[in-house]
Amino acid sequence: MNVPTEHLLILAGILFSLGALGFLLRSNLIVILASVELMLNAANLTFLAGARSHSSVGPLNLDGPIFALFVILVAACEAALGLALVIAFYRQKQSVDIEAAAELKG
Amino acid sequence: MIASIMIQEAAQATTELQAQFNDVFSGGAAAALMPFTALAVGALLMLLVDIIKGGAKLRPVVVIASLLTSAFCAWNQIGEPASAVLGGTYLVSSATAAFSLIFAIGALFAWVYGIGYYEGKLQEFRGEHDMLMLSATAGMILMVGAGDLLVFFIGLEILSLPLYSLAAFRRARHDSIEAGLKYFLLGAFAAAFFLFGAALIYTATGTVNLAELASLYQGEVAQSPIALIGGALLMAGIFFKVSVFPFHLWVPDVYQGSPTPITTLMATGTKAAAFGFLIPASFLLPPAATGIIAAIALLTMAAGNLGALVQTNVKRMLAYSGIAHAGTVMLVMAVILASGGDSDVRDESMNATLFYMAAYLFTSTGAFGLLAMLEREGEHMLTLNGLRGLARRRPAVAGAMTLFMLSLGGIPATGGFMGKLYVFMLLVKQDMIAVAILGALLSVIALGYYLRIIVTMWMEPLGEGEEAKLAPVTLPASIVTGLCVAGVLVMGLMPGWLLGLLG
C-alpha cells in the first residue's frame, strides 16, 4: 500500500504546527527544546516525502534524504548546546521555566 | 530489474563523484574555497594549540594569520569572473569575495577589541572563544557563497551554534546566560522555519540547487502553493537572522547580554551574511510580495528607531539602531522584487547592500568597540549617564564616537550617508518614491537618539567622581578605532573609489 505524498505533507504540516505551538505556548525549557525537535522532524519527513515522489517519476533523487541526514546531525548539535545552556540557566535560577529569564528587558 | 537500475545509477553517481574530485584537486575549487578554508583550518588549529603546553602564546598568531589569509584570498578574488565550483554548490564572484573580506575584517576588529575587554577575566577559555569566533566567521563566508540550500543551511549553523555559546560566554553572569538561551531558542525556532520551507520547496521542485531553482521559478512552479508557502517559510527563517520586523524582538536582549566584542561580530557579520544570501535568493518570493516586503522594511525602521529613542543603555540603543539599519537594507529587497527580478537591478542592489554593509561594518564595529573599551571602567559607562562629559575626560574617544554616531545617523561626508543615499536612489529609480520618502522620514527620527549621545558627551557636565577612573587604552584597540574612523571617512568622501573596485 502506498501513502500519497499529500497525506505525508499534511502530516508534516500538523507536526510542524504542533511543534511551533508547543514552542510558543509552553514555558518549560525542556518541552520547548522537544518542540523544536518536532519541527525539525516535520522538515525531515517532508524531505523524504519529496524525494520519494520525485524518485518515483524520474531518476533517483537523493537531495532530500541527504539534506535530512544533515538536519539530523545539526539537530544533535543543537540539542547538545541547548541542554548545556539550559543546565547553565538552571544552575543560576534553580528553575527551567522560561519565565525566569527576565533580566533583560526594556 | 530494480537491482540493475540501481547499479547503473550507482555507476553514474561514481562517475559524477570522480568528476567532482577532479574538480577539487584541479585547484579551482580549492582556490575558490580558500577564504573559508583558511578560517576552518585556523579554528581546528586553535583547538590543538589550546591543549599544548605554552600554546597560549601561539593563540594570537593563529587568529591573526588565519583571518589575514582569509582576507587576502578574498581580496584576490575581487574582480574575477563569477564561477560555480563543486557541482554548483559553491559560488564565487566579486560580491561573495567582498562579503568574505567584510567578515574577515569585522572578525579581526572584534577580536582586537576583545584583547583589552577580556584582560584579566575568562582567560582560561580564551582558546575556545577564539576557536568559536573563527568558526562563526567561516560560517558567514559559507552562507554568502552557498550555491544550494543545504550549503547555506550548514553555513548558517556553523555561524549560529558558535554564536549561541559565545553570547553566553560570561557564564557566571545571569544576563549573559539569558542572552545565550534566548538567542539559541529563537535561532533554533527560525532554523526550523527555514528547513521546513526548504523541504517544501524541494517537494515542489525536486532540487535544492539555487541555479536550478532560479530557472524552474521562471516557469509555473512559482505558482504552486507548496512552493509559495515554502518560499515564505524559508524567508521567515532568514528574516529572523537579519532581525527585521516582526522577528526583531530578540535583538536588544541578546546584544545587551552578550560580551561586547561578540555583539560587534553579531551586529555586522550575521546580518551581512544573511543579506548576502537573501539578494541572490530573492526569486523565491513572488513579485506580488513587493508591497509586503516594503511594508516590513519600513516597519522595521520604525520599530528600531522608536525603540531606540527611549533607551538609556547605549549598548541596547545601538542594538535597536541595528534593527533600523536592517530595515533600510530590506528596502533593497523590495526594489529587486519590484523590478521583477531583473538581473541588472539585482547586481546594482547587491553593490548597494555591499556598500551599506561595509560602511555599517566600520561604523558599528567602531561604536561597539569604543563601548567595549569604556566598559572596562565599569558597567555604568554603557549608560547615557556614564557618558556624560566624556569629551572632557577623553576627547579622542568622544570624537571618534561622535563620528560613528553621525555616520549611523546618515550625516553627509560619512560612509553611512553614502550607503543610505545609494539605497534611496535605487528606490527612486524603481519609481517607489513614496517608500523612499517614508524611509527618509524614519531615518530622521533616528537622529534624535544619535544626537542625544553626542550632546551628552560634549555638552553635559561630568558626573560626580568620574575624573579618577581612567582605564588605559590599549594600542591595538586604538589602531583599530583609527582604521574604523578612516574607513567611515573614506567611504563618505570617496565612495566612487570603492565602487570602482567592485566594477
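Everything here concerns the structure above.
Everything in this summary refers to the structure shown in the same document. (Residues numbered from 1 in each chain as written. Chains lettered and ligands numbered in written order. Predicted model: local features only at pLDDT ≥ 70, side-chain atom pairs only at ≥ 80, totals over all residues. Heavy atoms only, no water.)

This next bit is on the overall build of chain A. Scanning chain A for helices and strands turns up three helices and zero strands. For chain A, the N- to C-terminal ordering of α and β elements is α-α-α. Whereas a compact globule of 106 residues would reach a radius of gyration of roughly 13 Å, chain A reaches 18 Å, over 25% beyond that. Overall size of chain A, expressed as C-alpha extent along the three principal axes, is 55 × 30 × 25 Å. For chain A, with 106 residues in total, the buried portion stands at 41%. Sequence separation of at least 24 residues holds for 58% of the intrachain contacts in chain A that already meet a minimum separation of 6. Of the roughly 5600 Å² that chain A leaves accessible, carbon and sulfur atoms contribute 69%. (Helix = DSSP H or I, 4+ residues; strand = E, 2+ residues; numbered from the N terminus. Rg over C-alpha atoms; globule rule 2.2 N^0.38 Å. Buried < 20%, exposed > 50% of the residue type's maximum accessible area, 1.4 Å probe, protein only. Contact = heavy atoms within 4.5 Å. Areas by Shrake-Rupley, 256 points an atom, 1.4 Å probe, with all protein chains shown as cover.)

Attention now goes to helix 14 (residues 314-338) of chain B. Residue and element names in this part refer to chain B. Over its 25 residues, helix 14 extends 37 Å from the first C-alpha to the last, a length consistent with the 36 Å expected when each residue adds 1.5 Å. Across the 25 residues of helix 14, 24 count as buried, placing the element largely inside the fold. A side-chain oxygen of the first residue of helix 14 lies 2.9 Å from the backbone nitrogen of Lys315; this N-cap is Asn313. Count one or two residues on from helix 14 and you reach Gly340, which has phi positive near 75°. (Expected span 1.5 Å × (residues − 1). Polar contact = N/O pair within 3.5 Å; in protein donor to acceptor, adjacent residues only side chain to side chain.)

Moving on: the environment of B:Asp253. The topology assignment puts B:Asp253 in helix 11 (residues 250-257). For the pair B:Asp253 and B:Arg316, spaced 63 residues apart in sequence, the C-alpha separation works out to 7.6 Å. When neighbours within four sequence positions are excluded, B:Asp253 is seen to be in contact with A:Leu104, A:Lys105, B:Ala179, B:Lys182 and B:Arg316. Among the polar contacts made by the side chain of B:Asp253, one reaches the side chain of B:Lys182 at a distance of 2.8 Å.

Turning our attention to the pattern of salt bridges. All names here are of chain B. The full count for this structure, using the stated rule, is 13 salt bridges over all chains. The partner of Arg376 in a salt bridge is Glu119, with the nearest N and O atoms 2.8 Å apart. Taken together, the positions of Arg376 in the loop between helix 15 (343-375) and helix 16 (390-393) and Glu119 in the loop between helix 5 (94-117) and helix 6 (126-145) put the pair 257 residues apart, joining distant regions of the chain. Accessibility expressed as a relative area gives 27% for Arg376, which makes it partly exposed. (Salt bridge = Lys/Arg side-chain N within 4 Å of Asp/Glu carboxyl O.)

This model, assessed by the stated rule, comprises 23 aromatic pairs over all chains. The rings of A:Phe47, A:Phe67, B:Phe152, B:Phe153, B:Phe194, B:Tyr202 and B:Phe277 are connected pair by pair, giving a single aromatic cluster. The ring of B:Tyr117 has B:Lys121 sitting right over it, with the charged end atom 4.8 Å from the ring centre. (Phe/Tyr/Trp six-rings, centres within 6.5 Å; stacked < 30°, edge-to-face > 60°. Lys NZ or Arg CZ within 6 Å of the ring centre and 35° of its normal.)

Further remarks concern a nonpolar patch on the surface. All names here are of chain B. Together, Val41, Leu45, Leu48, Ile51, Ile52, Leu58 and Val61 give the surface a local cluster of nonpolar side chains, amounting to about 660 Å² of exposed area. The dominant element in the nonpolar patch, judged by the number of residues it contributes, is helix 3 (residues 34-51), at four residues. Along the chain, Leu48 falls in helix 3. (Patch = residues over 30% accessible without salt bridge, like charges linked within 9 Å, V, L, I, M, F, W, Y side chains within 5 Å.)

Further remarks concern the nonpolar core. Formed by 217 residues in total, the largest nonpolar core has its most connected members in A:Phe67 and B:Leu149. At 19 residues, the largest contribution of residues to this core is made by helix 15 of chain B. Filtering out sequence-adjacent residues up to four positions away, B:Leu149 remains in contact with A:Phe67, B:Phe194, B:Ala198, B:Val208, B:Leu210, B:Leu213, B:Leu234 and B:Phe277. (Core = buried A, V, L, I, M, F, W, Y, C linked by side-chain atoms within 4.5 Å.)

Before going further, it helps to examine the interface of chain A and chain B. Where the parts come together, the accessible area they lose is often given as the size of the interface. In this complex, chain A contributes 48 residues to the contact, which on the side of chain B involves 48 residues. Between chain A and chain B, roughly 3900 Å² of surface is buried when both sides are summed, and carbon and sulfur atoms account for 77% of that area. By the criterion of area lost to chain B, the three top residues of chain A are A:Phe67, A:Gln92 and A:Leu104, representing 19% of everything that side buries. Taken together, chain A and chain B are joined by zero salt bridges. Linking chain A to chain B there are 10 residue pairs in polar contact (both at pLDDT 80 or more). Broken down by secondary-structure element, the contributors of at least two residues to the side of chain A that touches chain B are helix 1 (5-25), helix 2 (29-57) and helix 3 (63-93) of chain A. Per-element accounting of the side of chain A that touches chain B gives the leading share, 18 residues, to helix 3 of chain A. A per-class count over the side of chain A that touches chain B returns 34 nonpolar, nine polar and five charged. (Buried area = accessible area lost by both parts, 1.4 Å probe. Nonpolar A, V, L, I, M, F, W, Y, C, P; charged D, E, K, R; others polar.)

Quick look at the environment of B:Glu178 now. Assignment of secondary structure puts B:Glu178 in helix 8 (residues 174-205). Under the relative-accessibility criterion, B:Glu178 is labelled buried at 0%. Along the backbone, B:Glu178 and B:Asp50 are 128 residues apart, and their C-alpha atoms lie at a distance of 27 Å. The contact partners of B:Glu178, leaving out residues within four places of it in the chain, are A:Ala101, A:Ala102, A:Glu103 and A:Leu104.

Now for unusual backbone geometry. Going from B:Phe245 to B:Pro246, the amide bond is cis rather than trans, its omega being -5°. Tracing the chain through its elements places B:Pro246 in the loop between helix 10 (225-242) and helix 11. In this structure, A:Gln94 takes a positive phi of about 55° despite not being glycine. For A:Gln94, the location among the structural elements is in the segment after helix 3. One non-glycine residue, B:Leu122, lies in the positive phi region at around 60°. Mapped onto the elements of the fold, B:Leu122 is located in the loop between helix 5 and helix 6.

Take helix 20 (residues 475-493) of chain B next. Residues spaced three or four apart along an α-helix point in a common direction, a consequence of the helix completing one turn every 3.6 residues. Residue and element names in this part refer to chain B. Relative to the 27 Å expected for 19 residues at 1.5 Å per residue, helix 20 spans 27 Å between its end C-alpha atoms, a close match to the ideal helical length. Of all the positions in helix 20, only Ala477, Val480, Thr481, Cys484, Gly487, Val488, Met491 and Gly492 are classed as buried. The buried residues of helix 20 all sit within an arc of 120° when viewed along its axis, so they share a single face. Counted as exposed and oriented over 90 degrees from the buried face of helix 20: Leu475 and Leu493. (Arc of directions from axis to C-beta.)

All names here are of chain B. At a minimum axis separation of 8 Å, helix 3 and helix 4 (residues 59-77) run at an interaxial angle of 175°. By the angle class used here, helix 3 and helix 4 are roughly antiparallel. Of helix 4, the residues touching helix 3 (which contributes Met34, Pro35, Ala38, Leu39, Gly42, Leu45, Met46 and Val49) are Arg59, Val62, Val63, Ser66, Leu67, Thr69, Ser70, Cys73, Ala74 and Gln77. Grouping the constituent residues of the contact of helix 3 with helix 4 by class yields 12 nonpolar, five polar and one charged. (Axes fitted to C-alpha atoms, helices over the stretch in contact; angles between N-to-C directions. Parallel < 35°, antiparallel > 145°, perpendicular 65-115°, else oblique.)

Fair warning: the whole summary comes from geometry, so function is off the table for now.
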